[in-house]
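Overview (structure and organization)
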Amino acid sequence: MTVPLAEYDELKRIADEELDKAYIPYSHFPVGAALLSETGDIFPGCNIENAAFGSTMCAERTAIFSAIAKGQHHFKAMVISGRTEGAIAPCGSCRQVMVEWFDKNMPIYLTNTSGVVVKTDLAHLLPGSFDDLK
């Protein structure tokens, strides 16, 4: 499964814009995300830190939870972007939340602002997830 180039480009643009919205006074490490629902709606996300790090919300979960709160439960693609040397990757907590909502073969594009793109999916990002044990 893949998304058309125009859809990818729009998701990438939004994910990159989210980098400037991130609230990162502690790590100084912005992350942006854009999630495409099957209805064509795009849900942006940025990371939002808190002094109690356990209360921090990652960009990926911000986008996912925003979509769920709007009644969207089926998704086509996600782009995650960072100002990193290589492609950015989601943390373990985000990967497990993705398992709850994403098809294992849904494209997830790990990118950066320098043009690096790695296309992957949950089958590769989180083999042996809780979902696999059902």
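Everything numeric here is computed off the predicted structure, so don't read it as measured data.

**A word on the packing of helix α2 (residues 59–69) against helix α3 (residues 92–101)**
Two numbers describe how α2 lies on α3: the axes approach to 9 Å, and their chain directions differ by 25°. For the element pair α2 / α3, the angle class is roughly parallel. Between α2 and α3 lies a crossing of left-handed hand. Residues Glu60, Arg61, Ile64, Phe65 and Ile68 of α2 form the contact with α3, whose participating residues are Ser93, Cys94, Val97, Met98 and Trp101.

**Looking at the nonpolar core**
Counting 22 residues, the largest nonpolar core has Leu35, Met78, Ile80, Met98, Phe102 and Ile108 as the members making the most contacts within it. Looking at this core, the elements with two or more residues in it are β1 (31–37), α2, β3 (75–82), α3, β4 (108–111) and α4 (122–125). Sequence-distant contacts of Met98, defined by excluding residues within four places in its chain, comprise Glu60, Ile64, Met78, Ile80, Pro90, Ile108 and Leu122. Membership of the second largest hydrophobic core comes to 10 residues, among which are Ala15, Ala77, Val79 and Tyr109.

**Considerations on the packing of aromatic side chains**
Describing an aromatic ring pair means giving the distance of the ring centres and the angle of the ring planes. This structure, assessed with the given rule, holds 3 aromatic pairs. Look at Tyr26 and Phe53: their rings are 6.0 Å apart centre to centre, the planes differ by 70°, and that puts the pair in the edge-to-face class. Taken as a pair, Tyr26 in the loop between α1 (5–19) and β1 and Phe53 in the loop between β2 (42–46) and α2 lie far apart in primary sequence, 27 residues in all. Assessed through its relative accessible area of 57%, Phe53 is described here as exposed.

The rules we used
- Residues numbered from 1 in each chain as written.
- Predicted model: local features only at pLDDT ≥ 70, side-chain atom pairs only at ≥ 80, totals over all residues.
- Heavy atoms only, no water.
- Axes fitted to C-alpha atoms, helices over the stretch in contact; angles between N-to-C directions.
- Helix = DSSP H or I, 4+ residues; strand = E, 2+ residues; numbered from the N terminus.
- Parallel < 35°, antiparallel > 145°, perpendicular 65-115°, else oblique.
- Left-handed = near helix turned anticlockwise from the far one by under 90°.
- Contact = heavy atoms within 4.5 Å.
- Core = buried A, V, L, I, M, F, W, Y, C linked by side-chain atoms within 4.5 Å.
- Buried < 20%, exposed > 50% of the residue type's maximum accessible area, 1.4 Å probe, protein only.
- Phe/Tyr/Trp six-rings, centres within 6.5 Å; stacked < 30°, edge-to-face > 60°.

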